[in-house]
Amino acid sequence: MQGFNKGFLYFICAVSAMGGLLFGYDWVVIGGAKPFYELYFGIGESPLMQGVAMTTALIGCLVGAMVAGGAADRYGRKPLLMLSAVLFTVSAIGTGLFNDFTLFNIARFVGGVGIGVASALAPMYIAEVSPAEIRGRMVSLNQMTIVLGILAAQIVNMILARDTSITENMAWNVEWGWRWMFWAETLPAALFLVLSFFIPESPVFLRNEKLKMRNDKYDDLQEQSLVSEGNHISHFSSFICNRKYRRVLLLGLVIAVFQQWCGTNVIFNYAQEIFVGAGFDVDGMFINIVITGVANVIFTFVALYTIEKWGRRSLMLLGAGGLGLIYLILGTCYFFEVKGVMMVVLVVAAISVYAMTLAPVTWTLLAEIFPNRIRGIAMATCTFALWVGCCTLTFSFPSMNAALGSSGTFWIYSAICACAFIFLWNRCPETKGKSLEELEKELT
């Protein structure tokens, strides 16, 4: 870190990572609001409409991720981060305001676009401004803010969801409680918008801003690479038709989709079904959700220290193998109708393994493995694939859970993890401590 303006670097990374904070909050808050807005809109007995409500924002994620890469290559990273802040603010207000189910879903869609943009841009921006020796840790800062946003949503949901055993409180939850869960996002969204005015453009686009963080010993070859490629606008055909990019693109797509299809995120979005199926009432559900959120934060902190010591490849293999084993046990417990604390322990174990492996390392690898020339559009393509995975996972869970039961569903997730372990063992490289230019030569 010698020769770098540490304070400035940490500031701009923290501000850009606020997109992750809002990403985490907006993504998970709906899980706590779900029992109440379903009663308000009268969709409690319709698995299809429940899936629509849970998936609308994810469709917005697809749109946001799809347009983020090309727009970022054309207009820069900073304007897109600012746009995501605006979208988060509009969505937070609108989702709680509307009384019509269609308008509710439109507002969720707008927030999803913000998530898609922020999820594609924030880790890429951080990777481009960070030195190689701490790049993994700095990109993982984005994951830290995501889990903090998740925990904030879980705590807000628990506070606002008053004792559901009291009729008057249940009526308040159905009428107003779920609205305030969404409105609480407005303050951090507005703060993100204000602070985003004070961060510079990515060095790939505004080379002079890079000099504020780097000393005169900055590598001349890397400088020339950034200068020559900084204003290049990449297109999908730039790499899909180029054989040397296909291998790294396939790697990125598999990593992105697997982060979702491993199944852990259904615990956040469908906590009600998972914990009620494990024998807990609604109040117990909210307490257990917060417990999982705390574990999520703690083990993301662990990831900040292990990602530069253990390396990306080792953590990805640990995540795939560990989750595969936990889901095998969890499915078996559901099959034999095990209830209570044992189920909470297994769910927390799954969240913990995911938080220190697949959750942060996926974003780090995606931000590292692509060449400067195509990073914007490639990152957007893989983020789009990630949200396709999330969308299909979220939409399919209610039907799978109804058809196969929780046991069958988690056994399927276990099998997916086993297949991913084999792929990662053979194809996942180690990127720890290497500059983006070194990785470009190695991987392409």
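Reading the values: rules and limits
All residue numbers here refer to positions counted from 1 along the written sequence of the relevant chain. Under the rules for a predicted model, residues below a pLDDT of 70 receive no local features and side-chain atom pairs below 80 are neither given nor counted, while totals for whole chains, interfaces and linings still include all residues. Hydrogens and water are ignored here; the side-chain numbers use all heavy atoms of the structure. The salt bridge definition used is simple: a Lys or Arg side-chain nitrogen within 4 Å of an Asp or Glu carboxyl oxygen. We count a stretch as a helix when DSSP gives it H or I for four or more residues in a row; a strand needs E for two or more, and each element gets its number in order from the N terminus. Each residue is placed in one exposure class: buried if its accessible area under a 1.4 Å probe, protein chains only, is under 20% of its type's maximum, exposed if it is over 50%, and partly exposed if it falls in between. Each Phe, Tyr or Trp ring (for Trp, its six-membered ring) is paired with any other whose centre lies within 6.5 Å, and the angle between the two planes then decides the class: stacked below 30 degrees, edge-to-face above 60, tilted in between. A patch consists of residues exposed above 30% relative accessible area that lack any salt bridge, with like charges linked at up to 9 Å and nonpolar side chains (Val, Leu, Ile, Met, Phe, Trp, Tyr) linked at up to 5 Å. To measure how exposed things are, a 1.4 Å probe is used in the Shrake-Rupley method; for residues, cover is taken only from the protein chains shown. Given a helix with a known number of residues, its expected span is that number minus one, times 1.5 Å. To qualify as a nonpolar core, a set must consist of buried Ala, Val, Leu, Ile, Met, Phe, Trp, Tyr and Cys residues joined through side-chain atoms within 4.5 Å. pLDDT is defined as a per-residue confidence score from the predictor, taking values between 0 and 100. Contacts between residues were defined by any pair of non-hydrogen atoms, one from each residue, lying within 4.5 Å.

Participant: Could you give an account of the pattern of salt bridges, with specific residues and numbers?
Facilitator: Applying the stated criterion across every chain, the model contains five salt bridges. A salt bridge links R108 to D26; the shortest N-O distance between them is 3.3 Å. Here R108, found in helix α4 (residues 101-129), pairs with D26, found in helix α1 (residues 6-41); they are 82 residues apart in sequence, far enough to count as distant. Residue R108 shares its accessibility class with D26, and that shared class is buried. Of the charged contacts, one joins K34 and E38 as a salt bridge, the two residues approaching to 2.8 Å between their closest N and O atoms. Remark: E38 and K34 occur in helix α1; sequence separation between them is four residues, near one turn of the helix. For the pair formed by K34 and E38, the shared burial category is buried. Linked through salt bridges whose partners overlap, the residues forming this network are E308, R312 and E368.

Participant: Residues and numbers for unusual backbone geometry, please.
Facilitator: The bulk of non-glycine residues show a negative phi, and the bulk of peptide bonds are trans. Of note in the backbone geometry, E337 takes a positive phi value of approximately 60° without being a glycine. Secondary-structure assignment places E337 in the loop between α15 (312-335) and α16 (341-356).

Participant: Please give an account of the packing of aromatic side chains that cites residues and values.
Facilitator: Scanning all chains against the criterion turns up 20 aromatic pairs. Between F41 and F104 the ring centres are 5.2 Å apart and the planes differ by 50°, which places this aromatic pair in the tilted class. In this pair, F41 is assigned in helix α1 and F104 in helix α4, connecting sequence segments 63 residues apart. F104 carries the same exposure label as F41, and that label is buried. Ring geometry for F421 and W425: centres 6.2 Å apart, planes at 25°, overall stacked. Of the two residues, F421 and W425 are both situated in helix α18 (residues 375-427); the distance of four residues between them amounts to about one turn of the helix.

Participant: Explain a nonpolar patch on the surface to me, using residue names and the numbers behind them.
Facilitator: Nonpolar side chains collect at one region of the surface, where L325, L328, I329, F335, F336, M342 and W411 lie side by side and expose about 700 Å² of accessible area between them. If one sorts the elements of the nonpolar patch by residue count, α15 sits on top with four residues. Following the sequence through the fold, W411 ends up in helix α18. By relative accessible area, W411 is classed as partly exposed at 33%.

Participant: How would you sum up helix α2 (residues 47-75)? Please name residues and give values.
Facilitator: When the terminal C-alpha atoms of α2 are compared, their 41 Å separation across 29 residues agrees well with the 42 Å that a helix rising 1.5 Å per residue should span. Following α2 by one or two positions, G76 adopts a phi angle in the positive range, close to 105°.

Participant: Quick rundown of the nonpolar core? Include the residues and the values.
Facilitator: If you look at the biggest cluster of nonpolar residues, it comprises 126 residues, and the most contacted ones within it are W27, Y37, L121, L323, W387 and L424. Of all the elements, α1 adds the most residues to this core, at 18 residues. Residues V147, L151, V297 and L304 belong to the second largest nonpolar core, which totals five residues.

Participant: Summarise the confidence of the model for the chain; cite the residues concerned and give the values.
Facilitator: Close inspection of predicted coordinates is inappropriate in any region flagged by low pLDDT. Confidence along the chain averages 81 in pLDDT terms, with 85% of residues attaining 70 or more. Averaged pLDDT values for the elements of the chain fall to 42 in helix α8 (residues 207-210) and rise to 94 in α15. Between residues 207-234, whose pLDDT stays under 50, and residues either more than four places distant or in other chains, the model counts 49 contacts.

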